[in-house]
Amino acid sequence: MKALVLGASGATGKLVVQQLLNKNINVRAVVRESAVIPGQISDDKSIEIIRGNINDFKIAQIKDLVKDCDTVICCLGHNISLKGILGSPHKLVYNAVVKIIEALQSLNLNTKFILMSTTAYTNEKIGELNTSREKIIFSLLKMFLPPHKDNMLAADHLVYKLSTKTNIDWVAVRPDSLFDEENVSEYEIHNCKIRSAIFNPGKTSRINVGHFMVELITNDQLWQEWKHNTPVIYNKE
Ligand SMILES: NC(=O)c1ccc[n+]([C@@H]2O[C@H](COP(=O)([O-])OP(=O)(O)OC[C@H]3O[C@@H](n4cnc5c(N)ncnc54)[C@H](OP(=O)(O)O)[C@@H]3O)[C@@H](O)[C@H]2O)c1
């Protein structure tokens, strides 16, 4: 089994890669030239590290990246800095999702695609609704915070733009407020948000996000349960 991981140098991406390697899954990781990868990961014989900016990759390069992979996991996100939040590319995640899907469709591959999304995404297709106060805040965020808009567009692309006849099975995992903890702990998965992402957010550890993603690709029953869906993940309180 081989997994392509985008955003593999990120706080969550690294944990996803480590957990894939722990399960003896081969990994192809795409990281920027400047990215620092811990030796524990880079020295592993099951990892291939591709250096370059995914946003600059043309579709032919993306096809090369995905062609022998069973899974693609996207943990891309905007750096929490002025440049990361307001600078280009504003559509980092969306662009990557669109290109990956296009590559998988044109190669007619049955590759699983997992997107790291967020509870700030409201999946109206499954009946989720925002309160009036949430609607106001989310509209403002969409107008003034490019990373938020990017995450919304990326998830919308999977939820609304993929035909039901597509060969691509996807899951958009929605963590709430992220934090770091050393070990995997108990967590719960819900079809819909059970708390307000704005006014009463829950917590999700990055290592648990990685654990759930790896479970999704190694446990077919779990994949069948969640494919084409946007599960929400919270740490157990
Ligand atoms: N913060 C929260 O509470 C929260 C909650 C739910 C969901 N999320 C979402 O979860 C995702 C991942 O979170 P995280 O904390 O793991 O993110 P992170 O540590 O910031 O990782 C982001 C990844 O994207 C890469 N990246 C950033 N800007 C890039 C660019 N311009 N070109 C190419 N690659 C770029 C980073 O590469 P470098 O290492 O080279 O910078 C890194 O690999 C984000 O989309 C975020 O919106 C966040």
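Each value, and the rule that gives it
Residues numbered from 1 in each chain as written. Predicted model: local features only at pLDDT ≥ 70, side-chain atom pairs only at ≥ 80, totals over all residues. Helix = DSSP H or I, 4+ residues; strand = E, 2+ residues; numbered from the N terminus. Rg over C-alpha atoms; globule rule 2.2 N^0.38 Å. Buried ≥ 20, exposed ≤ 12 C-beta atoms within 10 Å, placed from the backbone. Contact = placed C-beta atoms within 7 Å. Near = placed C-beta within 6 Å. Nonpolar A, V, L, I, M, F, W, Y, C, P; charged D, E, K, R; others polar. Arc of directions from axis to C-beta. Pairing = 2+ DSSP bridges. Axes fitted to C-alpha atoms, helices over the stretch in contact; angles between N-to-C directions. Core = buried A, V, L, I, M, F, W, Y, C linked by C-beta atoms within 7 Å. Parallel < 35°, antiparallel > 145°, perpendicular 65-115°, else oblique. Left-handed = near helix turned anticlockwise from the far one by under 90°.

> How would you summarise the overall build of the protein chain if you had to cite specific residues and measurements?
Regarding its fold elements, the protein chain presents nine helices and 10 strands. The globule rule puts the C-alpha radius of gyration for 237 residues at 18 Å, and the 17 Å found for the protein chain is close to it. Each of the 237 residues in the protein chain was classed as buried or not, and the buried ones make up 40%. By sequence separation, contacts in the protein chain at least 24 residues apart represent 75% of the contacts at least 6 residues apart.

> Break down the site of the ligand for me, citing the residues and quoting the values.
Gly-10, Ala-11, Thr-12, Gly-77 and Thr-118 are the nearest of the 29 residues found near the ligand. Elements with a minimum of two residues in the shell around the ligand: α1 (11–22), α5 (92–107), α7 (146–161) and β7 (177–179). Here the shell around the ligand gets three residues from one element, more than from any other, and that element is α1. Residues of the shell around the ligand, tallied by class, amount to 12 nonpolar, 15 polar and two charged.

> Residue-level account of helix α3 (residues 59–66), with values.
Because an α-helix packs 3.6 residues into every turn, residues spaced three or four apart end up facing the same way. If you check which residues of α3 are buried, you get Ile-62, Leu-65 and Val-66. The buried residues of α3 all sit within an arc of 85 degrees when viewed along its axis, so they share a single face. Where α3 is buried, its residues contact β1 (2–6), β2 (26–31), β3 (47–51), β4 (71–74) and α5.

> Can you tell me about the sheet that holds strand β8 (residues 187–190), naming the residues and giving the values?
The strand order across the open sheet formed by eight strands is β3-β2-β1-β4-β5-β6-β10-β8, and the pairing between neighbours is mixed. Each end of this open sheet is capped by a strand with a single partner; those strands are β3 and β8. Strand-to-strand twist in this sheet, taken as the mean axis angle between neighbours without regard to direction, amounts to 20 degrees. Two strands pair when backbone bridges link them, and strand β6 (residues 169–175) and strand β10 (residues 232–235) are joined in this way by two bridges, in the parallel orientation. Counterpart to Pro-175 in the pairing with β10 is Ile-233.

> An account of the nonpolar core is needed here, citing residue identities and associated values.
Counting 60 residues, the largest nonpolar core has Val-5, Leu-6, Cys-74, Val-97, Ile-100 and Leu-115 as the members making the most contacts within it. The dominant element in this core, judged by the number of residues it contributes, is α5, at nine residues. With residues up to four places along the chain from it excluded, the contact list for Val-97 reads Cys-74, Leu-115, Ala-154, His-157 and Leu-158.

> How would you sum up the packing of α5 against α7? Please name residues and give values.
Close contact between α5 and α7 brings their axes to 7 Å; oriented N to C, the two are set at 20 degrees. With respect to α7, the element α5 is oriented roughly parallel. The residues of α7 that touch α5, namely those facing Leu-92, Val-93, Tyr-94, Val-97 and Val-98, are Asp-150, Asn-151, Leu-153, Ala-154, His-157 and Leu-158.

> Could you give an account of the packing of α3 against α5, naming the residues involved and the relevant values?
Close contact between α3 and α5 brings their axes to 9 Å; oriented N to C, the two are set at 70 degrees. Relative to α5, the element α3 lies roughly perpendicular. Every pair of crossing elements has a handedness; the one defined by α3 and α5 is right-handed. When α3 is examined against α5, the residues Ile-59, Ile-62, Lys-63 and Val-66 are found in contact with a partner set consisting of Lys-99, Ile-100, Glu-102, Ala-103, Leu-104, Ser-106 and Leu-107. In the contact of α3 with α5, the residues fall into seven nonpolar, one polar and three charged.

> Could you give an account of unusual backbone geometry, with specific residues and numbers?
The omega torsion of the bond from Ser-88 to Pro-89 falls at 0 degrees, within 30 degrees of zero and hence cis. Looking at the element boundaries, Pro-89 is found in the loop between α4 (82–86) and α5. The backbone of Asn-24 sits at a positive phi, close to 60 degrees, despite the residue not being glycine. With respect to the helices and strands, the residue Asn-24 is situated in the loop between α1 and β2. Positive phi values are uncommon outside glycine, yet His-228 reaches one of about 65 degrees.

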